[in-house]
Structure formats: C-alpha cells, structure tokens
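One letter stands for each residue in the lines below.
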Amino acid sequence: MQVLLESILDEVRPLLGQGQVANYIPALADVDPCQLGIAMLGTDGTLYQAGDADTPFSIQSISKVFGLVQAISHAGETLWERLGHEPSGQAFNSLVQLEFEQGRPRNPFINAGALVIADINQSRYAAPILSMRDLVRRLTDNPHIISDTAVADSEYQHRARNASMAYLMQSFGNFHNDVEAVLKSYFHHCALTASCVDLVRGVSFLANNGRCLHGDETILTPRQTQQVNAIMATSGLYDEAGNFAYRVGLPGKSGVGGGIVAVVPGRYSLCVWSPALNASGNSLVGMIVLERLSEHLGWSVFSPILS
Ligand code: GLN
C-alpha cells in the first residue's frame, strides 16, 4: 500500500501547478500550490501516509462534516425541518436556489446549509467556536488543533456572499441568531487547521460504523453514519458530486483549502491535500489521486459487493 501511495503521488506530481488556489479568501492566496499529501487510516488502525501528509492546512468546508455531526448529536432528526439532504447541482456559494426554495438550503454541505447548521449549533452552545474546536480536537486526537484567526478574519472581511445567504434565510424565518455572530463562528470552523493525518483520524468514525478508532467513543449510531456518508456521496463535492461519484465512487467532502476527505465504509478513511483547485472549487490533483487509488483498489461503492 505504501508503495502504491508513493507511486500515485509521483505519477501526478507533474500536474502540480495546474488549477488555482482559493484567492477569493486573501489569506489563502499565499499558500504554495505545489504541495501534495495523502493519508489513509484502516479500521484496523494501520496508518499510511505519503508526501506532505503532516503539513497543516485550512480545512475550510471539510468542517461542514463536523458541523453536521455536532448538530445531529443534539438536534437529531429535527434539524431536517430547517434544510434538506438533496444534492444542489449548484456551486457551493450559489444564492439562486435559496430564493426559489424560500430560504431552505438543499443540504448541509453547501454554504447556505452549513450556515443554517452553524445557526442551529449557535442556539445550543454558549461558545460555538470553542465547542467546534474541541470536537475536532477530540475526533482527530490532536489537542493542538487551532483555528487560524488570520484566515477567519480575512473571510469575515470578505463575507458579502455568505452574509447575503444568511440574511436571505433570515428574511424567510430560517435563521434564529444574530447573523454576524453566526458568520464569525462559521468562519472560525472553516479556518481550523489540520493535516491529512489529523483528518483521517477525524473522520475515522465514518468508516467505522460511527465509532472513533482511538478511545472507542461512539460519535454517531450506525444508521446516522450511513446517512452522513450518503449525504457526502450525493453532495460532498457540490456541483461536482456526480463527477466524484463517477470517477472515485466514495463518500467524500472537499474544502477550498484543497483538502478532500473520503471514506471506504468499513475499511478506510482517506485524506488528500493539494491546494490548487479546479473550476468547481475542488482540489484538482486531489481528485486525480483519489480516482487513481479507487480505480486501483476497486473501492468504488458502486462495484459488486465482495465478501
Ligand atoms: N469558508 C469557505 C466559504 O465560506 C468555505 C467554502 C469551501 O470550502 N467550499 O466560502
């Protein structure tokens, strides 16, 4: 496996330099686009890593998985009164559907949906920024995880689109807390910084029926785990979720920091990172790495069940 990871990274390295880092968040525009890392954690605890797998990066929308998990843990099924679990077929920061659909976001993994989730969590936690940081520390088993305040502040200064979504939802009665306060929480969640190795631990419960590999803590029930994986498979890569299902065939979640986490249910959690993005805001080289790996190992969840 180690040899396979190294050889896939070597194969795709010539492509580094294609794509664009997320320059709409000025603090992310300075990241070196030629970095590339991958980590894989088996449900038996075996960790593989290659390239820049220990380098921390801005997790951005990967935090939407943690926000959803936090909301499920205290709100359960009631959260679906506020948003759906259907793919959007739209860009992650699109406003068009929201107006048509009376301020009810399609799913928790587009920005509008993640903002509603952040609003739900804001109602529940006295210190939402710290609660999320602590959840991510617990899941990754890394007590040093922090939010990069320069990135969070930069996003807040350039919040026009996210603020528009939140105020539009407020106008439909689907936003309950002070918009500016929720935006600050949301940006701090996006600005959490973690490496591929941290994140494979962080989402290991999704490969392991809801239980963390370290500490044996139950995060979600097996049924809730399947449901989160299903939403990742249908909406985790925004308007490119279909392409990701076609090319990779795994539940996945991307972020504009260039990270993508993916899950081979019952077997592995994965994280690949390369900061330059394609036109849909997903890591260009990261997608190719996951495609090669999944093809090589026959991991698509759409392949025949092998006993
Ligand atoms: N913080 C980013 C935003 O709100 C997250 C987007 C992403 O990673 N797709 O625009």
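Residue positions are given per chain, counted from 1 along the sequence in the order it is written. Reporting in this predicted model follows two pLDDT cut-offs: at least 70 for local features of residues, and 80 or more for side-chain atom pairs to be given and counted; totals over whole chains, interfaces and linings ignore these cut-offs and use all residues. Side-chain calculation: all heavy atoms of the structure are included, whereas hydrogens and water are not.

Taking an unreviewed UniProt entry as the reference, the protein chain is identified by name as Glutaminase belonging to Kushneria indalinina DSM 14324. UniProt positions are given in the numbering used here, feature names are shortened, and annotations may be inferred rather than shown by experiment. The record held by UniProt for the protein chain lists under Sequence similarities (unreviewed entry) the comment "Belongs to the glutaminase family." The UniProt entry for the protein chain carries the following text under Subunit (unreviewed entry): "Homotetramer."

Novice: Help me understand the pairing of strand β2 (residues 47-51), please; the structure alone is not making it clear to me.
Specialist: Two faces make up the sheet, and in a regular strand the side chains alternate between them. Two strands pair under a simple rule: DSSP has to find at least two bridges between them. Only DSSP runs of H or I with at least four residues qualify as helices, and only runs of E with at least two residues qualify as strands; both kinds are numbered from the N terminus onward. Where strand β1 (residues 37-42) and β2 come together, five bridges link them in antiparallel fashion. Looking at the pairing, Ile38 lines up with Ala50 of β2. Hairpin connection between β1 and β2: a loop of four residues separates the two successive antiparallel strands, and Gly45 in this loop has a positive phi of roughly 95°.

Novice: Please explain the environment of Val289 as it appears in this structure.
Specialist: Locating Val289 in the fold gives a position in helix α13 (residues 284-297). Partly exposed describes any residue whose relative accessible area lies between the buried limit of under 20% and the exposed limit of over 50%, with all areas from a 1.4 Å probe on protein chains only and scaled to the type maximum. Given the relative accessible area of 1%, Val289 is considered buried. In this structure, the C-alpha to C-alpha distance between Val289 and Arg13, residues 276 residues apart in sequence, is 10.0 Å. With near-sequence residues (within four places) excluded, Val289 lies in contact with Ile8, Leu9, Val12, Leu36, Ile38 and Val272. When checking whether two residues touch, look at their non-hydrogen atoms; a contact exists if any pair is within 4.5 Å.

Novice: Help me understand the site of the ligand in this model?
Specialist: When at least one non-hydrogen atom of a residue lies within 4 Å of a molecule or strand, that residue is treated as near it. Close contacts around the ligand come from 13 residues, with Tyr24, Gln60, Ser61, Glu155 and Tyr238 the closest. Within the backbone of Val256, an N or O atom sits 2.8 Å from an oxygen atom of the ligand. If the ligand stood free it would expose 300 Å²; the protein chains cover 99% of that surface. For the shell around the ligand, the residue count by class is six nonpolar, five polar and two charged. Side-chain atoms alone can form a polar contact between residues adjacent in sequence; in general such a contact is a pair of N or O atoms within 3.5 Å, and within protein one must be able to donate a hydrogen while the other accepts it. Here the accessible surface of atoms and residues is derived via Shrake-Rupley with a 1.4 Å probe, and residues count as covered only by protein chains that are part of the display. Any residue outside Ala, Val, Leu, Ile, Met, Phe, Trp, Tyr, Cys, Pro, Asp, Glu, Lys and Arg is labelled polar, Gly included; the first ten of those are nonpolar and the last four are charged.

Novice: Could you clarify how one ought to interpret helix α2 (residues 63-75) in this entry?
Specialist: For an α-helix the count is 3.6 residues per turn, leaving residues at separations of three or four pointing the same way. For α2, spanning 13 residues, the distance from its first C-alpha to its last is 18 Å, which sits close to the expected 18 Å at 1.5 Å a residue. Counting buried positions over the 13 residues of α2 gives eleven, a clear majority of the element. The complete set of buried residues in α2 reads Ser63, Lys64, Val65, Phe66, Gly67, Leu68, Val69, Gln70, Ala71, Ile72 and Ala75. At the C-terminal side of α2, Gly76 shows a positive phi close to 55°. Helix span is expected to be 1.5 Å times the residue number reduced by one.

Novice: Explain the UniProt feature "binding site: substrate" (unreviewed entry) in the protein chain here, please?
Specialist: Within the UniProt annotation, "binding site: substrate" (unreviewed entry) is assigned to Ser61, Asn111, Glu155, Asn162, Tyr186, Tyr238 and Val256. Topologically, Asn111 is positioned in helix α4 (residues 111-124). In contact with Asn111, not counting residues within four places along its chain, are Ser61, Lys64, Phe92, Asn93, Asn162, Met165 and Tyr186. Relative to the assigned elements, Tyr186 resides in helix α8 (residues 179-190). Among residues more than four places away in sequence, those in contact with Tyr186 are Lys64, Asn111, Ala114, Leu115, Ala118 and Asn162. A polar contact of 3.1 Å, which involves the side chain of Tyr186, links it to the side chain of Lys64.

Novice: Where do I start with the sheet that holds strand β3 (residues 57-58) in this structure?
Specialist: What links the strands of a sheet is backbone hydrogen bonding, and the strands pair in either a parallel or an antiparallel sense. The sheet built from three strands is open, its strands ordered β3-β5-β4 with antiparallel pairing. Two strands in the sheet have a free side with no partner beyond their single neighbour: β3 and β4 (146-147). Note that β3 and strand β5 (residues 192-194) share two bridges and pair antiparallel. Bridge assignment links Ser58 to a residue of β5, and that residue is Thr193.

Novice: Looking at this structure, how should I read the nonpolar core?
Specialist: To form a nonpolar core, buried Ala, Val, Leu, Ile, Met, Phe, Trp, Tyr and Cys residues must be joined to one another through side-chain atoms within 4.5 Å. Counting residues in each nonpolar core, the largest one holds 74 residues, and the members touching the most others are Phe66, Leu68, Leu79, Leu199, Leu206, Leu220 and Met232. Apart from the residues within four sequence positions on either side, Leu79 is in contact with Leu68, Ala71, Ile72, Ile117 and Ile120. Residues Val12, Tyr48, Leu237 and Leu290 belong to the second largest nonpolar core, which totals 29 residues.

Novice: Sorry if this is basic, but what is going on with the sheet that holds β1 here?
Specialist: The strand order across the open sheet built from five strands is β2-β1-β8-β7-β6, with neighbouring strands paired in antiparallel fashion. Looking at which strands have only one partner, the edges of the open sheet turn out to be β2 and β6 (252-254). Mean inter-strand twist for the sheet, computed between neighbouring axes without regard to direction, equals 10°. Only the stretch in contact is used when a helix axis is fitted, and all axes are lines through C-alpha atoms; the angle between N-to-C directions ranges over 0 to 180 degrees.

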